[in-house]
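Now for the letters of each chain:
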Amino acid sequence: MTAMLEIEGLEQRFHVGGGIFERMRVEKGRLRIPDRIVHAVNGVSLKVAAGEVLALVGESGCGKSTVAKTVARIYKPTAGTIRIDGTDISGLGQRALLPVRAKMQMIFQDPYASLNPRQKVRDIVAEPLLQQTRGRAARAEVAGRTLALLERVGLNAEHANRYPHQFSGGQRQRIGIARALSVNPRLIIADEPVSALDVSIQAQILNLMKDLRDEFGLAYLFITHDLSVVHHIADRVAVMYLGFVVEEAPRDTLFAAPRHPYTRALLSAAPAIDPAARKDEIEVTGEVPSALDLPSGCCFRTRCPFAWERCAAERPVLRDAGDGARVACHLLDEPQRDAP
Amino acid sequence: MTEALLQVEGLRTHFHTFSGTVRAVDGVSFAVGRGEIMGLVGESGGGKSVVGFSLLGLIDPPGRIEGGTIRFDGEDLTAAGEARMRRIRGREIAMVFQDPMTSLNPLHTVGRQMDEVLRLHTDLDAAARRARSVEMLESVGISRAAERLSAYPHQFSGGMRQRVVIAIALLASPRLIVADEPTTALDVTIQSQILKLMRRQIRERGASMILITHDLAVVAEMADHITVLYCGKVVERGPADTVLRRPAHPYTRGLIDSIPNPALRKERLNQIPGMVPDIRNLPVGCNFRDRCPRATALCAEVEPALQDRGSGQWAACHHPLDAAP
Amino acid sequence: MTAAFLSSEFVHNYRRNPSAIAGSAILVIFAVIVTLGPWLVWQDPYDIASLNLLDSYKPPMWLPGGDAAYPLGTDGQGRDLLAAIFYGTRVSVMIGLTAMAFSCLLGTAAGILAGYYGGVIDSVLMRIADVQLSFPSMLIALFLMSAFGTGVDKVLIALTAVGWVVYARTVRGQTLSEIEKEYVQAARVAGLSDTKIILRHILPNVTTPLIVVATVQVGTFILIEASLSFLGVGVPITQPSLGLLIKNGFDVLFSGLWWTSVFPGLFIMALVFGINLFGDFLRDELNPRLK
């Protein structure tokens, strides 16, 4: 069986620092135009099966949103392959991508920026569908489907003729979900879909996404920084740091027995309401290094309490660690070092 | 029991906008004891930030404090003039904001901004002020502090900047710190560092803190007491443990249940239905009744008052949770 | 819709802003002059047959020797100055509006292309804009007009060449901030082509700040055109604008025939003043950064 989404060796680099004139420097008496490159994603490989929810977790700047937007082909990948239902889309042009977009849609983070303020809700929701049918679908048919979708996500027909500013954040996110559903996709890339919402609204949207998944058999690539959300919705979890996947495991394995020091740090740093859930196992110091200048060897070694010489010399690769988990850490070879 | 450091009674702060009066804070009462951390919780529109700004006298038109008293160490701040408030801000009550960039001046070095605070609020000479700045930066975990004094805010990362803001807030040894979503913009590993730092500093100095946040988990980690706001009113308050373990108000219960809890393993979250009503057009009776599973005809007629539930817990509900519905 | 607009904050603020009301009142008067001008005066000042040389250089009606038939006096050809001013206002305003429309179209197109595609297009267009902005616009217009010769069409070309830059820069900046927004990415995911994204999503969201720029620019253009005409390189003698009227009067100003120059000058001042008052109000209302 082919996976719904299969990413292999995905790399994404961005040139920053503006045009030639802005980057010009005089160094040692010579004019130089240095290339400043952000290494946003550095060789990520992931699989999402049909109907599966893979959560991609990490802190800001870890490249999780870049992975999402590259998979959605908002960006063109620097290297690597992205297969949607078996088709490699990494090099396709916008026109050739159109049929792929019927299988894959996206839900965005910011409910205020993700809807065009000048479009009516009905036009927003119908846009991907109209693009797919290229005007061949009957007007009434599209209108009917738009209203059905609005109702499905918890809005109603009279909302269709309003503009986005007349809605609350939660309602806007519902509109964004209806838009993504309009073409009957099988994979939805959800980029922090609830992090801009109030807690009580978060729960509503999470429930809705879960129901939709069951109803339509959707697969989600779910990007988030919030571990409690991950635990609620994910089947499997991949943890990213500085553009690398450092650990990937089934949800229960990851929460019960995290292996990578960074995963352990994340889990112990997350605040919890339940005093029993608090654990102070591992604490990292310092801050994430710049993606302009990656550390040698392991990306996490500058903050890792266990790091030793090998971590600076050799980059650990993601490999099988048992229980369906894959971990990129030298501690797998030398477990005796795993003591504070 | 000695008198609380801060005693807010019936605070009402309204905004008179073109589209109507926004009763952002409408009759809020709470107290903060000496050396205590009080968590002020609520969702957007709850009025929690406006409470913070009201305490510091930072409400600008079209907003206005319409009534109530803010007793700080016996003195009513609502009656204090602007000159008096300027002396209180920074020296007695300091504020830490969500976005550190808004409280740091991008044009001045960190050292200069710290020096300014000390010059304003202490009698130290230049050398002593510098020494104190260095010491303060070190105490919030900034290495090479003496060097960093000459750095500009943009040369710090987000987490470091928030440390600087906290250092500045602590400089004049204020007795109360109002922290408005101090870690919301930060990553979780940085958040946990900053929270630990804040808690340690507060405890060591015997200061008090009002921690304004939407995140119940943060409050659970930090606060001694909790006050929950909804639509500008206090719906529940009490000791943190009691409120989180046995919430009396259905809204508090709903907030807690909305957070996925790994220990409970639920397929669906117990969501609060509907959304926050328009604050310009609040319903008669209880503000929460349209979203409340326990609402009855009584809730639509009479607005519930805060009632003592014993052991310091108060809730504004006709049908509190540990009573029969 | 109308009722909603009348009760909006925009209208509310307008009612409480005396200078906005004064500005728009001036503009309404000028709108009447521009649209109905020829029917408000009894003489067609450019129909030689209707002129009477005997009536030349009559002073305004309230001065000795004045004639009620010529409220603001006459010029050297016996032309009613009020009629000439009404006709001249038409020419001035039409040139200002048309040049503004051309500049706006050209500048918006350039700005969107530069902002959306970036790279070489962006660098080239913006460097041209930088170079152009380093010269006073009057100087550029003057240079172009001396190369082209006089004529309404040539004035329009010169003003457009001067005026597009401000739109291009505004639109480019706005486009850069809009394409970062997720709704543009959503349109990409929906499968829209670049052209559709630009027309359906970016264009409608970058135009609001242009209203302010355009309003103030009409005033600037009227002044530049007047200056060009005053220097004799603007509109031809057969289609005199306010600026050309001032020039014609200026030749005899020191012979005590002041009215031929001063009245067109007062009209142009009132017009630009009205535009700027209203433009200031629009800027305060429409620019969210000032709110």
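Rules and cut-offs
Residues numbered from 1 in each chain as written. Chains lettered and ligands numbered in written order. Predicted model: local features only at pLDDT ≥ 70, side-chain atom pairs only at ≥ 80, totals over all residues. Heavy atoms only, no water. Helix = DSSP H or I, 4+ residues; strand = E, 2+ residues; numbered from the N terminus. Buried < 20%, exposed > 50% of the residue type's maximum accessible area, 1.4 Å probe, protein only. Contact = heavy atoms within 4.5 Å. Areas by Shrake-Rupley, 256 points an atom, 1.4 Å probe, with all protein chains shown as cover. Lys, Arg positive; Asp, Glu negative; His and termini not counted. Charge placed at Lys NZ, Arg CZ, Asp CG, Glu CD. Rg over C-alpha atoms; globule rule 2.2 N^0.38 Å. Buried area = accessible area lost by both parts, 1.4 Å probe. Salt bridge = Lys/Arg side-chain N within 4 Å of Asp/Glu carboxyl O. Polar contact = N/O pair within 3.5 Å; in protein donor to acceptor, adjacent residues only side chain to side chain. Nonpolar A, V, L, I, M, F, W, Y, C, P; charged D, E, K, R; others polar. Pairing = 2+ DSSP bridges. Disulfide = S-S within 2.5 Å. pLDDT = per-residue confidence, 0-100. Axes fitted to C-alpha atoms, helices over the stretch in contact; angles between N-to-C directions. Parallel < 35°, antiparallel > 145°, perpendicular 65-115°, else oblique. Left-handed = near helix turned anticlockwise from the far one by under 90°. Phe/Tyr/Trp six-rings, centres within 6.5 Å; stacked < 30°, edge-to-face > 60°. Lys NZ or Arg CZ within 6 Å of the ring centre and 35° of its normal. Expected span 1.5 Å × (residues − 1).

1. With respect to the overall build of chain C
Thinking step 1. Across its full length, chain C carries 12 helices and zero strands.
Thinking step 2. The order of α-helices and β-strands along chain C, N terminus first, is α-α-α-α-α-α-α-α-α-α-α-α.
Thinking step 3. Dimensions of chain C, computed from C-alpha atoms along their principal axes, come out at roughly 75 × 50 × 30 Å.
Thinking step 4. Relative to its full complement of 291 residues, chain C shows a buried share of 47%.
Thinking step 5. Here the contacts in chain C between residues at least 6 apart in sequence split such that 69% fall between residues at least 24 apart.
Thinking step 6. Carbon together with sulfur atoms contributes 69% to the accessible area of chain C, which is approximately 13,700 Å² in total.
Thinking step 7. Put simply, chain C has 17 plus and 19 minus side-chain charges, and the middle of one group is 8 Å from the middle of the other.

2. Considering the overall build of chain A
Thinking step 1. Along its length, chain A carries 11 helices and 14 strands.
Thinking step 2. The C-alpha atoms of chain A give 22 Å as radius of gyration, which agrees with the globular expectation for 340 residues (20 Å, within 12%).
Thinking step 3. If you line up chain A on its principal axes, its C-alpha atoms span 65 × 60 × 40 Å.
Thinking step 4. When the 340 residues of chain A are sorted by exposure, 54% land in the buried category.
Thinking step 5. Taking the contacts inside chain A whose residues are at least 6 apart along the sequence as the reference set, 65% of them involve residues at least 24 apart.
Thinking step 6. Summed over its atoms, the accessible surface of chain A is roughly 14,100 Å², and 49% of this surface lies on carbon and sulfur atoms.
Thinking step 7. A distance of 8 Å separates the average location of the 44 positive side-chain charges in chain A from that of its 40 negative side-chain charges.

3. Structural notes on the interface of chain B and chain A
Thinking step 1. Counting residues at the interface gives 38 residues for chain B and 35 residues for chain A.
Thinking step 2. Of the roughly 3,300 Å² buried where chain B meets chain A, counting both sides, 53% is carbon and sulfur surface.
Thinking step 3. Remark: the boundary between chain B and chain A carries one salt bridge.
Thinking step 4. Of the charged contacts, one joins Asp211 of chain A and Arg268 of chain B as a salt bridge, the two residues approaching to 2.4 Å between their closest N and O atoms.
Thinking step 5. For the interface between chain B and chain A, the tally reads 14 residue pairs in polar contact (both at pLDDT 80 or more).
Thinking step 6. For the side of chain B that touches chain A, the secondary-structure elements that each account for two or more residues are helix H7 (158-171), helix H8 (188-205), helix H9 (216-222) and helix H11 (250-258) of chain B.
Thinking step 7. With seven residues, the top contributor of residues to the side of chain B that touches chain A is H8 of chain B.
Thinking step 8. The class makeup of the residues in the side of chain B that touches chain A is 18 nonpolar, 11 polar and nine charged.

4. Topic: the pairing of strand E6 (residues 79-84) of chain A
All names here are of chain A.
Thinking step 1. Looking at chain direction, strand E1 (residues 5-16) and E6 are connected through five bridges and run antiparallel. Residue pairing across strands places Glu11 opposite Ala79, the latter belonging to E6.
Thinking step 2. Bridge count for E6 against strand E7 (residues 87-88) is two bridges, and the pairing is antiparallel. Paired with Arg83 across the two strands is Asp88, which belongs to E7.

5. Some points on the pattern of salt bridges
Residues and elements named next belong to chain A.
Thinking step 1. Applying the stated rule across the entire model yields 47 salt bridges over all chains.
Thinking step 2. Residues Arg236 and Glu52 are paired through a salt bridge, measuring 2.7 Å at the closest nitrogen-oxygen approach. One end of the pair, Arg236, is in strand E11 (residues 236-241); the other, Glu52, is in the loop between strand E4 (36-48) and strand E5 (53-57), and 184 residues separate them in sequence.
Thinking step 3. By relative accessible area, Arg236 is classed as buried at 15%.
Thinking step 4. Using a relative accessible area of 14% as the deciding quantity, one classes Glu52 as buried.
Thinking step 5. Via salt bridges that share partners, Arg310, Glu314, Arg319, Asp333, Glu334 and Arg337 belong to a single interconnected network.

6. Regarding the state of the cysteines
Thinking step 1. Under the criterion given, the structure shown has zero disulfides over all chains.
Thinking step 2. With no disulfide of its own, Cys298 of chain A lies closest to Cys299 of chain A among cysteine sulfurs, the gap being 4.7 Å.
Thinking step 3. Take Cys298 of chain A: its relative accessible area is 10%, and that puts it in the buried class.
Thinking step 4. No disulfide involves Cys292 of chain B; its sulfur sits 5.9 Å from that of Cys317 of chain B, the nearest cysteine.
Thinking step 5. With a relative accessible area of 16%, Cys292 of chain B lands in the buried category.

7. Things to note about the confidence of the model for chain C
Thinking step 1. Counting all residues, the mean pLDDT for chain C is 86, and 97% of those residues have values of 70 or more.
Thinking step 2. The complex model carries a pTM of 0.86, and its ipTM stands at 0.87.

8. A short note on the packing of helix H7 (residues 152-179) of chain C against helix H10 (residues 208-230) of chain C
Residue and element names in this part refer to chain C.
Thinking step 1. Packing of H7 against H10 brings their axes to within 11 Å, and their N-to-C directions diverge by 155°. For the element pair H7 / H10, the angle class is roughly antiparallel. In terms of crossing hand, the pair formed by H7 and H10 is right-handed. Contacts from Val155, Leu159, Gly163, Val166, Tyr167, Thr170, Val171 and Gln174 of H7 reach H10 at Pro209, Leu210, Val213, Ala214, Gln217, Phe221, Ile224 and Glu225.
Thinking step 2. Of the residues that constitute the contact of H7 with H10, the class distribution is 11 nonpolar, four polar and one charged.

9. What to know about helix H1 (residues 48-55) of chain B
Residue and element names in this part refer to chain B.
Thinking step 1. Taking burial as the measure, the eight residues of H1 include six buried ones, the bulk of the element.
Thinking step 2. Those residues of H1 not exposed but buried are Lys48, Val50, Val51, Gly52, Ser54 and Leu55.
Thinking step 3. Once H1 finishes, Gly57 follows within two positions and takes phi at roughly 65°, a positive value.

10. Brief notes about the sheet that holds strand E4 (residues 63-72) of chain B
Residue and element names in this part refer to chain B.
Thinking step 1. Spatially, the four strands line up as an open sheet ordered E2-E1-E4-E5, and their pairing is antiparallel. Each edge of the open sheet is held by one strand with a lone partner, namely strand E2 (20-32) and strand E5 (75-76).
Thinking step 2. Here eight bridges tie strand E1 (residues 6-17) to E4, and the two strands are oriented antiparallel to one another. When the bridges of E4 are listed, Arg12 appears paired with Gly67.

11. Focus: the packing of aromatic side chains
Thinking step 1. All chains considered together, the criterion is met by 17 aromatic pairs over all chains.
Thinking step 2. Centre to centre, the rings of Trp258 of chain C and Trp259 of chain C are 5.9 Å apart; their planes meet at 85°, and the pair counts as edge-to-face.
Thinking step 3. An aromatic cluster of at least three residues, connected via ring pairs, comprises Phe10, Tyr14, Phe278 and Phe281 of chain C.
Thinking step 4. The ring of Trp314 of chain B carries Arg237 of chain B above its face, with NZ or CZ at 5.3 Å from the centroid.

12. Points about unusual backbone geometry
Thinking step 1. Between Pro61 of chain B and Pro62 of chain B the backbone carries a cis peptide bond, its omega angle lying at 10°.
Thinking step 2. Residue placement: Pro62 of chain B occurs in the loop between H1 and E4.
Thinking step 3. Here the phi dihedral of Asn184 of chain A falls at roughly 55°; this positive angle occurs in a residue that is not glycine.
Thinking step 4. A positive phi angle is found at Cys231 of chain B, which is not glycine, with a value near 50°.
Thinking step 5. With respect to the secondary-structure elements, Cys231 of chain B resides in the loop between strand E9 (225-230) and strand E10 (233-239).
Thinking step 6. Its relative accessible area of 2% is what places Cys231 of chain B among the buried residues.

13. Description of the interface of chain C and chain A
Thinking step 1. Each side of the interface is counted separately: chain C has 18 residues, and chain A has 26 residues.
Thinking step 2. For the pairing of chain C and chain A, the buried interface totals around 1,900 Å² over both sides, and the portion due to carbon and sulfur atoms is 52%.
Thinking step 3. Where chain C meets chain A, there are one salt bridge.
Thinking step 4. Across the contact surface, chain C and chain A share 14 residue pairs in polar contact (both at pLDDT 80 or more).
Thinking step 5. Looking at the side of chain C that touches chain A, the elements that each hand over two or more residues are helix H8 (182-190) and helix H9 (194-206) of chain C.
Thinking step 6. With eight residues, the single largest contributor to the side of chain C that touches chain A is H8 of chain C.

14. Thoughts on helix H6 (residues 137-148) of chain C
Thinking step 1. Spanning 12 residues, H6 of chain C covers 16 Å between terminal C-alpha atoms, matching the ideal 16 Å at 1.5 Å per step.
Thinking step 2. On its buried side, H6 of chain C packs onto helix H5 (119-133), H7 and H10 of chain C.

15. Details of the sheet that holds E7 of chain A
Residue and element names in this part refer to chain A.
Thinking step 1. Sheet architecture is open: four strands sit in the order E4-E1-E6-E7, paired in antiparallel fashion. Lying at the two open borders of the sheet, with one neighbouring strand each, are E4 and E7.
Thinking step 2. Pairing of E1 with E4, which is carried by 10 bridges, proceeds in the antiparallel orientation. Directly across from Phe14, in E4, lies its bridge partner Val38.
Thinking step 3. Packing of helix H2 (residues 64-71) onto the sheet brings it into contact with E1, E4 and E6, and relative to E1 it is tilted by some 110°.

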